[in-house]
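Reading the structure
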Amino acid sequence: MNSTLNQVPRASTATPQGVLLPLALAQFICSYAASNMNVAISNIATDLGTTVSGVQTTIAVFTLTMAALMIPGSKLTDILGRTYLFRRGLLVYGVGALIAAAAPGLGILILGYSLLEGIGTALLIPPVYILATVFSPDLTSRARAFGAISAAGGIGAAAGPLVGGIITTESVSLSTLPDKIPGLSDGADAGAMSVGL
């Protein structure tokens, strides 16, 4: 692909505010992904029949994958185009999230969460600020866009442990509910909910 053609913004009906929401949500998701599993490590280890250190390794591999591929992701943004790479990053991240959610064991969790979500995050983050710059017509709107995107990232990092804790607590509460209701304890194994990613 000719990188010169990809760098020229096309005439678009997109408004800066319309572009800002998906960029902020992408930053939120990337920050959330880096912190959401930390409070559920024991539950995930139990559900997947693995060890706590196995889940901790999964989290570490995600962080290393994302960090190692961030600079190459930036270079790919220059070569392939901002919008193209942003969309591909969302696709890779989404596929990784689906695989991680359905993971029957640690190996599939590492594939979905650590590798694919890590790669998707590394492809998503570089174009976010570049697209915010391109779609912000002046310095003031650009500063607001950067502030909103950075705030979304901070909220995502803070929401990860909170939401992970709520999901873990509620799924444990719901999974023990059949034992507390007479007549339902026989189907507790079939009806128990497990934590998902």
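Residues numbered from 1 in each chain as written. Predicted model: local features only at pLDDT ≥ 70, side-chain atom pairs only at ≥ 80, totals over all residues. Heavy atoms only, no water.

Taking an unreviewed UniProt entry as the reference, the protein is identified by name as Actinorhodin transporter belonging to Methanoculleus bourgensis.

1. Details of the packing of aromatic side chains
Enumeration over the complete set of coordinates arrives at 3 aromatic pairs. Ring geometry for Tyr129 and Phe146: centres 5.3 Å apart, planes at 85 degrees, overall edge-to-face. Placement of Tyr129 in helix H6 (residues 106-135) and of Phe146 in helix H7 (residues 139-180) is noted, with a sequence separation of 17 residues between them. The class for Tyr129 is partly exposed, based on a relative accessible area of 25%. (Phe/Tyr/Trp six-rings, centres within 6.5 Å; stacked < 30°, edge-to-face > 60°. Helix = DSSP H or I, 4+ residues; strand = E, 2+ residues; numbered from the N terminus. Buried < 20%, exposed > 50% of the residue type's maximum accessible area, 1.4 Å probe, protein only.)

2. Some details on the UniProt feature "transmembrane region" (unreviewed entry) in the protein
Per the UniProt entry, the sites bearing "transmembrane region" (unreviewed entry) are residues 50-69, 90-113, 119-139 and 146-167 in this numbering. Counting secondary structure, residues 90-113 comes out at 83% helix and 0% strand; the distance between its end C-alpha atoms is 14 Å. Taken end to end, residues 119-139 is 86% helix and 0% strand, and its two terminal C-alpha atoms sit 31 Å from one another. (UniProt positions renumbered as here; feature names shortened; annotations may be inferred.)

3. Comments concerning the nonpolar core
Judged by nonpolar contacts, the single largest core of 30 residues is most densely connected at Leu23, Met37, Ile44, Val55, Phe86, Leu109 and Tyr113. Listing elements by their share of this core, those giving two or more residues are helix H2 (16-33), helix H3 (41-48), helix H4 (52-80), helix H5 (82-101), H6 and H7. The leading source of residues in this core is H6, at 7 residues. Mapped onto the domain boundaries, this core takes at least three residues apiece from domain 1 (18-49 + 136-175) and domain 2 (51-135). Discounting residues that sit within four places of it in the chain, Phe86 has contacts with Pro22, Leu23, Ala26, Leu124, Pro127, Val128 and Leu131. (Core = buried A, V, L, I, M, F, W, Y, C linked by side-chain atoms within 4.5 Å. Domains from an automatic or database assignment. Contact = heavy atoms within 4.5 Å.)

4. A few points about H3
Buried residues of H3: Ile41, Ile44, Ala45 and Leu48, and no others. Along the axis of H3, the buried residues cluster in a sector spanning 100 degrees; they form a single face. Lining the buried residues of H3 we find H4 and H6. Positive backbone phi, at 65 degrees, marks Gly49, one or two positions downstream of H3. (Arc of directions from axis to C-beta.)

5. Some words on the packing of H3 against H4
Their axes nearest at 8 Å, the elements H3 and H4 cross at an angle of 110 degrees. For the element pair H3 / H4, the angle class is roughly perpendicular. The handedness of the crossing between H3 and H4 is right-handed. Each of Ile41, Ser42, Ile44 and Ala45 in H3 lies in contact with H4, whose residues at this interface are Val52, Val55, Gln56 and Ile59. Considering only residue class, the contact of H3 with H4 consists of 6 nonpolar, 2 polar and no charged. (Axes fitted to C-alpha atoms, helices over the stretch in contact; angles between N-to-C directions. Parallel < 35°, antiparallel > 145°, perpendicular 65-115°, else oblique. Left-handed = near helix turned anticlockwise from the far one by under 90°. Nonpolar A, V, L, I, M, F, W, Y, C, P; charged D, E, K, R; others polar.)

6. A closer look at a nonpolar patch on the surface
A grouping of Leu69, Ile108, Leu111, Leu115 and Ile119 is seen on the molecular surface, where their side chains present a nonpolar patch of about 340 Å² in accessible area. Top contributing element to the nonpolar patch by residue count: H6, with 4 residues. Of note, Leu115 is situated in helix H6. The class for Leu115 is partly exposed, based on a relative accessible area of 34%. (Patch = residues over 30% accessible without salt bridge, like charges linked within 9 Å, V, L, I, M, F, W, Y side chains within 5 Å. Areas by Shrake-Rupley, 256 points an atom, 1.4 Å probe, with all protein chains shown as cover. Salt bridge = Lys/Arg side-chain N within 4 Å of Asp/Glu carboxyl O.)

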